[in-house]
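Spelled out, the chains give:
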Amino acid sequence: MVEIELDGKKIEVLEGSMVMHAAEKAGTYIPHFCYHKKLSIAANCRMCLVDVEKAPKPMPACATPVTQGMIVRTKSEKALKAQQGVMEFLLINHPLDCPICDQGGECQLQDLAVGYGSGKSRYSEEKRVVFHKNIGPLVSMEEMSRCIHCTRCVRFGQEIAGQMELGMAHRGEHSEIQTFVGRTVDSELSGNMIDICPVGALTSKPFRYSARTWELSRRKSVSPHDSTGANLIVQVKGQQVMRVVPLENEDVNECWIADRDRFSYEALNSDARLTAPMIKQGGAWKSVDWTTALEYVANGLKSIKNDHGAASIGALGSAHSTVEELHLLSQLTRALGSQNVDYRLRHTDFSNAAEAGKAGPQAFWLGLPIAELSTLDRALVIGSFLRKDHPLFAQRLRQAARRGAKVMSISGSVEDWLMNVAERVVAAPSAWLAELAGVAAAVAELAGVAAPVAAQSSEAAKRIAAALWSGQRKALLLGNAAAQHPQAAQLLSLANWIADKTGARVGYLTAAANTVGAQLVGATPVAGGLNAGQMLSGTSALKALLLLNTDPVLDSANAAAAAKALQVAEMVVVMSPFKTGLDYADVLLPIAPFTETSGSFVNAEGRLQSFVGVVKPLAETRPGWKVLRVLANVLGLSGFEQESSEQVRNEALGVDADLSARLSNAGDAAVMLTTGEGGDVSKLERLADVPIYATDSLVRNAPSLQLTNDARNAPFASLSSALWQQLGLTAEANKILVSQEGAGSAQLSAKLDAALPANVVRVPAGLAETQALGALFGTLTVAKV
């Protein structure tokens, strides 16, 4: 520790800290623009000049290291004159258009100009003009004349997002922030540039000119998308959500959010919203009141139960639903006498489930606090499209890699995670188990013990094993594809064995906002109930299906089979905020999205986060937990007298329950290796990712997100070099017909991916263009069109 004197106060700070850090510790504000606590120090705005005793001139607080006995004055005449001089220079070329600037009212330059600027300028020359640039549908660069060249956006891209999409061109007053040769900004974290821009140069394109900041009320919420559970501030005008920005929580999302957390609010105000209950009569949809709709559903369920038995009724819920909604869905289904309830629509190995504990159902989880991802020395990620599946987890691992951590991967493709990946094993999905077994065999050799299964270790597997054998803080992280894999239980078993021998931890990245919560409330079948795969197989005896926040055709492991199962059911009840399932549903019940209801999510680390509605439900929309409770009342079921979401949450998880005791990644399934398919391109395996803007109904209905390159490039099939040449495809003639046995086919444009294994075709799921296809991990055939 080093002691300095700051404005007459004695302060102790860590050696190597800057004067700015000492000021933050002392609660002293030093004006600044380029400094940001999460970014590297640039010291190029000079606004933070302070008076350091014995220094020949004012020094930048952000870039001046503290020394023992240093005396710093932030408000002396020398410091203030320096700061006022910098402000005068910054305003030479800055346009005086605060009244029409979208940043007005929350602009750092505007605030500091009041304190450090002059009443008039001494400069009469013309101001420079920077022409606007189109960098995509999310971030606006239409007012770059306002840029003060702090380079926060440039450093954010390099250090946090992992790609330098913006840079500084030219010199002096001709300097401009721009993209390389007119490209767009396509990072899944790009919206954070808007937050860190201290002026009105980078603004939100969807929000632009729609409201003034002082007109907005601010309310806390939690993201309903991925399993980070990012904390949000939802900004509201009247009864309409106008903007979403991050709420800082160092343990969860730091001060960042992903673009789908930020811009999916557009769907809340879209024409796709379902605003009143609807019943299909004679093939046509008719709006009805709630009493009629609920009585229709209740009578239908009673009739089906009487005619076919309670086992003919099933319920499927999305893990993007709240704890309260999934709990009541499970309770209602079981009160009807059925055990057919599940949230695991995309899973194929249903033997891979956390065991039941004394305190209730247990849940697979991340295996460590989210914040510790940034501090790992070694991380092996298995079966994950990490960057798009979990943007903020990827960002934390990126920081770990920047500090020297070895991040390694076993997956079906080479994806650019925008970090240094120390080792990659790329194999067809059917070979993932064998590749992980190879790592286990190499670890067994290092440990001098017998391997859990006989396997050959590749050179890459040996290097991964050696990396895991070294280091202090280590983790094996199973991604969405590993959780949904046909051999998911065996993958977990091998991961646990490797972790036990190397001192690592095992965790699931978990797919959705409430995947852990869905397990804890028991939204899975027990006592012989049907799982999601059986309910959607098309061969079960189900006659009625309750769907909560999900479209099984887009959200299931086999879209073609799910479509058939829905068509043969006598009654399909869809509970959703959006008009979904119009071709197979019999009843549509409008339930509230996360901004219009109270509820709770349990994120990947097992953190329970509750939130309240920030606006009133739209039109006839009602909170999902209330709809389920009232439906149970109409059915005459007992035990449904809850008056608030808090009551439901306490019933589901207990009052002040310790969820950590119910989190477990234990699994010791017997590992059985079979001969792989090899590189025979006549037996093609499907590698199915779910594109980042196709994961749930909110992002699917957000117009700006659907205009991004990530969304527009989603409906493509990626082919290996061998298959590309075999089919005779070219950049101009790249149309192919993809077919799966027992399902339909899809005509798609093909892209060459030289890093794909020879027998792998990457065909995304969750899209209308591919919903005719079958199993996510099935085989397929490809023909040139």
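These numbers were taken from a predicted model, which means no experiment stands behind them.

**Remarks on the overall build of the protein chain**
- Counting its secondary structure elements, the protein chain contains 24 helices and 35 strands.
- Scaling as 2.2 N^0.38, a compact globule of 785 residues should have a C-alpha radius of gyration of about 28 Å, and the protein chain matches this with 28 Å.
- In terms of overall dimensions, the protein chain has a C-alpha envelope of 90 × 65 × 60 Å along the principal axes.
- Of the contacts made within the protein chain by residues no fewer than 6 positions apart, 72% connect residues no fewer than 24 positions apart.
- When the accessible surface of the protein chain is split by element, carbon and sulfur atoms take 51% of a total near 30,500 Å².
- When the 74 positive and 78 negative side-chain charges of the protein chain are each reduced to one mean point, those points stand 4 Å apart.

**Digging into the environment of Thr-674**
- Relative to the elements of secondary structure, Thr-674 occurs in the loop between helix H20 (645–653) and strand S30 (684–687).
- The class for Thr-674 is exposed, based on a relative accessible area of 64%.

**Quick look at the nonpolar core**
- Counting residues in each nonpolar core, the largest one holds 73 residues, and the members touching the most others are Phe-33, Phe-156, Leu-166, Leu-202 and Val-241.
- Counting residues per element, the ones that place at least two in this core are helix H2 (77–90), helix H3 (108–116), strand S7 (139–141), helix H4 (152–161), helix H5 (192–196), strand S12 (231–237), strand S13 (240–246) and helix H21 (697–700).
- No other element matches H4, which puts 5 residues into this core.

**Describing the packing of aromatic side chains**
- This structure, assessed with the given rule, holds 3 aromatic pairs.
- On the numbers, 5.1 Å between centres and 55° between planes, the contact of Phe-156 with Trp-256 is tilted. Of this pair, Phe-156 sits in helix H4 while Trp-256 sits in the loop between S13 and helix H6 (259–263), and the two are 100 residues apart along the sequence. Accessibility assignment for this pair places Phe-156 and Trp-256 in one class, buried.
- Ring plane angle 35° and centroid distance 5.1 Å describe the contact between Phe-601 and Phe-611, whose orientation is recorded as tilted. Remark: Phe-611 occurs in strand S29 (residues 608–611) and Phe-601 occurs in strand S28 (residues 599–602); sequence separation between them is 10 residues. There is no split in this pair, since Phe-601 and Phe-611 are both buried.
- One cation-aromatic arrangement involves Arg-243 over Phe-207; the distance from NZ or CZ to the ring centre is 4.3 Å.
- Over the ring of Trp-417 we find Arg-424; its NZ or CZ atom is 5.7 Å from the centre of that ring.

**So, the state of the cysteines**
- All chains considered together, the criterion is met by 0 disulfides.
- Cysteine Cys-107 is unpaired, with the sulfur of Cys-101 as its nearest cysteine sulfur at 6.1 Å.
- Cys-150 supplies the cysteine sulfur nearest to Cys-255, a cysteine that is in no disulfide, at a spacing of 14 Å.
- Since its relative accessible area comes to 13%, Cys-255 is described here as buried.

**Considerations on the sheet that holds strand S26 (residues 571–576)**
- On the basis of which strands lie adjacent, the open sheet formed by 7 strands has the order S15-S14-S27-S26-S25-S16-S17 and mixed pairing. The open sheet terminates on both sides in strands that have one partner only, identified here as strand S15 (284–287) and strand S17 (341–342).
- Sheet topology note: the strand S16 (residues 313–317)/strand S25 (residues 544–548) ladder contains 5 bridges and is parallel. The residue of S25 that forms the bridge with Leu-316 is Leu-547.

**Regarding the sheet that holds strand S24 (residues 505–508)**
- Reading across the sheet, the 5 strands line up as S22-S21-S20-S23-S24 and stay open at both edges, with parallel pairing between neighbours. A strand with exactly one partner marks an edge of an open sheet, and here the two such strands are strand S22 (421–426) and S24. Within this sheet the neighbouring strands show an average axis-to-axis angle of 15°, counted without direction.
- Strand direction decides the pairing type here: strand S20 (residues 378–382) and strand S23 (residues 474–478), joined by 5 bridges, are parallel. Counterpart to Arg-378 in the pairing with S23 is Lys-474.
- Its contacts with the sheet place helix H11 (residues 432–447) against S20, strand S21 (406–411) and S22, and it is angled at close to 140° to S21.

Calculation rules
- Residues numbered from 1 in each chain as written.
- Predicted model: local features only at pLDDT ≥ 70, side-chain atom pairs only at ≥ 80, totals over all residues.
- Heavy atoms only, no water.
- Helix = DSSP H or I, 4+ residues; strand = E, 2+ residues; numbered from the N terminus.
- Rg over C-alpha atoms; globule rule 2.2 N^0.38 Å.
- Contact = heavy atoms within 4.5 Å.
- Areas by Shrake-Rupley, 256 points an atom, 1.4 Å probe, with all protein chains shown as cover.
- Lys, Arg positive; Asp, Glu negative; His and termini not counted.
- Charge placed at Lys NZ, Arg CZ, Asp CG, Glu CD.
- Buried < 20%, exposed > 50% of the residue type's maximum accessible area, 1.4 Å probe, protein only.
- Core = buried A, V, L, I, M, F, W, Y, C linked by side-chain atoms within 4.5 Å.
- Phe/Tyr/Trp six-rings, centres within 6.5 Å; stacked < 30°, edge-to-face > 60°.
- Lys NZ or Arg CZ within 6 Å of the ring centre and 35° of its normal.
- Disulfide = S-S within 2.5 Å.
- Pairing = 2+ DSSP bridges.
- Axes fitted to C-alpha atoms, helices over the stretch in contact; angles between N-to-C directions.

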